[in-house]
Amino acid sequence: MTASTTPEPPAAAPLIDLHGLVVAVRRRRRLWGTMALLGLLLGAVAAVLLRPPPTATAKVLVAHREDQPNDPGTLIRTDVALLQTTRVAGQALRSLKSPMKAEDFLRDYQGTPLTNNLLQIDATGAGEAEAVARAKALADAFIADHVRRMRDTAQAEAKALLDQRDRMRDELDRVDKAIGNRPPGSAREAPGAESLFARRAELTSRISDYDQRAAAARTGSPEVVAGTQIVDAPRVVHHSLPKAAATDAAIGLVLGLVLGLALAAVGTVVADRPVLRRDIAAHLGASVLAELRPAPRRPDWPWRRRRARAAHERLVRTLVRTVRGCAEPVSLLELGCARGTSVLALDVARALAADGPVVLVDGLPGPQLARARRRPDDPPVIGGEPAGAVPPQARRLGVGSVGPGTAWTDLAHLGGRTVLVVRAGHASAAWLHTVARQLADQRVPVIGVVLLDPDPRDRTDGALWDGPHLAPRGRTERPARRGGTGRPRTAGLPMWAARVPDSYQEAR
């Protein structure tokens, strides 16, 4: 009985690779850095251009007859609402002798409750003196209106009590008249006499109570009048321009940074451009041979220039060893780094020239290789058309592109094997799949990938270790093409690029 094993299904890929997202957002630091700087500048400019008008403030202590220790602030909020009425605004304007409409004046001041009995009035004006005058007029108008309302309330309550007292007195007069109309000498205990005397005593007590309550209502108003007053005289509120500019700039910086990070994250997810070694290697179906930092756009420190030059020389030596070990012509195909690939191809050709004649086949869509700085002893550069006329003893090194618009059928004429020079984060995952599929269709094996501008904090592995990414060797071996060096193949060369789905949705 033969035991069979079922391969385990591959683990499902996460919906969003957080590691790749963080790296991609960090690589787009120019975007969110620019947004943060723009927010900083806009905040500072807004603080300078949108300076608040001169403002004066005053604090008013407001007394209420209905004050309770557990009041949730309903009374003071009512006072704020009353302050924002045309009646108070009109009284303040009349005291200022201003022709301004009360409806327009309402936009120039506001009230803020500080406590249950403390009200702050803020008024603006064309100048500091006008702002102070407006705050004073508003405070006086509010106090006068508040005191008048409290007095009117007390007077109305006292009048209601006195009216009720007068009705009780009229009824008492009728009771007294009924008692006086009784026959003289009649007994107090006669039928009906007891109820008349009890009613007279009750009416007398209620009249006295109404008198006391009316007096209390009239005497309650002085407490409100004395308690409602200006406790903080109107004064100008001084605004510090440096402080306001610093505050607005800090707010703009934070908002710009958040907006920039959000845009960078959304753009990264939508664009789906791999930046990690493992992702680029997986999408292309080839391992990362080496990586190279981009040339600095501004003068760099000497030790960094030496470090970059040493890395470039190591990469050239690696590619020279790779080309020497191949029996077929090798091509360098760029994706997002035409200039760097042309410089790299020239350096590799110069190093190979020590072994024999070398010819560079220029298949780049632009003039990068033609405009590159060349020395008199550099290898000749020809186009893709006369490539078949190269002498058999000359080594061919092709340089081409696999960017959008590539003539895929011409890639095989540049070299039987290829090294992809890819800029990290330049192409989408779907285009990397297209490149791998087209190279496999043209039967151009991918030796490896040279990663340009990798993330310095990327710790992922760019080597493909699992077997499904490699094709059986029997289907990839073929005789050397014409134009090669005639040297035998080495045993350790990488295999064909893995085939990938035909659509972007399948690739995901």
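Here the structure is shown first, and the text comes after it.
Structure report, in brief. (Residues numbered from 1 in each chain as written. Predicted model: local features only at pLDDT ≥ 70, side-chain atom pairs only at ≥ 80, totals over all residues. Heavy atoms only, no water.)

### Some details on the overall build of the protein chain
Scanning the protein chain for helices and strands turns up 15 helices and 11 strands. In the protein chain, the share of contacts with a sequence separation of at least 24, taken over all contacts with a separation of at least 6, comes to 81%. (Helix = DSSP H or I, 4+ residues; strand = E, 2+ residues; numbered from the N terminus. Contact = heavy atoms within 4.5 Å.)

### Considering the packing of aromatic side chains
Counted by the stated rule, this structure contains two aromatic pairs. Centroid distance W408 to W431: 5.9 Å. Interplanar angle 45 degrees. Geometry classified as tilted. On the criterion of sequence distance, the pair formed by W408 in the loop between β9 (395–401) and α12 (411–414) and W431 in helix α13 (residues 429–441) is long-range, its members being 23 residues apart. (Phe/Tyr/Trp six-rings, centres within 6.5 Å; stacked < 30°, edge-to-face > 60°.)

### With respect to the nonpolar core
Side chains that are nonpolar tend, in soluble globular proteins, to be buried together. In this structure, L315, L319, V348, L360 and V419 are the most contacted members of the largest nonpolar core, which totals 28 residues. For this core, the elements supplying multiple residues, two or more each, are β5 (288–292), α10 (302–324), β6 (330–335), α11 (338–352), β7 (358–363), β9, β10 (417–423) and β11 (446–452). Leave out the neighbours within four places in its chain, and V348 touches V316, L319, V320 and L397. (Core = buried A, V, L, I, M, F, W, Y, C linked by side-chain atoms within 4.5 Å. Buried < 20%, exposed > 50% of the residue type's maximum accessible area, 1.4 Å probe, protein only.)

### With respect to the pairing of β10
Extensive coverage of β10 is indicated by the burial of six of its seven residues. Of the pairings in the sheet, the one linking β6 to β10 comprises six bridges and is parallel in character. Within β10, the residue paired with L335 across the bridge is V422. Of the pairings in the sheet, the one linking β10 to β11 comprises six bridges and is parallel in character. Across the sheet, V422 pairs through a bridge with L451, a residue of β11. Handedness of the crossover joining β10 and β11 through α13 is recorded here as right-handed. (Pairing = 2+ DSSP bridges. Right-handed = clockwise from strand over helix to strand, strands pointing away.)

### So, the packing of helix α3 (residues 74–83) against helix α6 (residues 128–180)
α6 packs onto α3 with a crossing angle of 120 degrees between their chain directions and a minimal axis gap of 11 Å. Taken together, the axes of α3 and α6 lie oblique to each other. Considering how the two elements wind past one another, α3 and α6 form a crossing that is right-handed. Here D79, L82 and L83 of α3 lie close against α6, whose contacting residues are F142, H146 and R149. The residue makeup of the contact of α3 with α6, split by class, is three nonpolar, one polar and two charged. (Axes fitted to C-alpha atoms, helices over the stretch in contact; angles between N-to-C directions. Parallel < 35°, antiparallel > 145°, perpendicular 65-115°, else oblique. Left-handed = near helix turned anticlockwise from the far one by under 90°. Nonpolar A, V, L, I, M, F, W, Y, C, P; charged D, E, K, R; others polar.)

### Digging into the environment of L263
Residue position: L263 is located in helix α8 (residues 241–271). In this structure the C-alpha to C-alpha distance between L263 and V25, which are 238 residues apart in sequence, comes to 9.2 Å. In this view, L263 contacts R28, L31 and M35; residues no more than four positions away in its chain are not counted.

### Some details on the side chain of T434
Relative to the helices and strands, T434 is located in helix α13. A distance of 3.0 Å separates a polar side-chain atom of T434 from the backbone oxygen of A430. (Polar contact = N/O pair within 3.5 Å; in protein donor to acceptor, adjacent residues only side chain to side chain.)

### Details of the sheet that holds strand β1 (residues 55–61)
Spatially, four strands are ordered β2-β3-β1-β4 in an open sheet, and the strand pairing comes out antiparallel. Each edge of the open sheet is held by one strand with a lone partner, namely β2 (109–113) and β4 (229–237). The mean inter-strand angle of the sheet, taken between neighbouring strand axes irrespective of direction, is 20 degrees. As paired strands, β1 and strand β3 (residues 118–124) are joined by seven bridges and run antiparallel to one another. Looking across to β3, one finds that L61 is bridged to L118. The strands touched by α3 within the sheet are β2 and β3, with β2 carrying the most contacts at an inclination of about 175 degrees.

### A few points about α8
Taking 1.5 Å of rise per residue, the 31 residues of α8 would be expected to cover 45 Å, and the 43 Å separating its terminal C-alpha atoms lies within 8% of that figure. Among all positions in α8, only A245, A249, G252, G256, G260, A264 and T268 are buried. If you follow the buried residues of α8, they end up packed against α1 (18–27) and α2 (29–49). (Expected span 1.5 Å × (residues − 1).)

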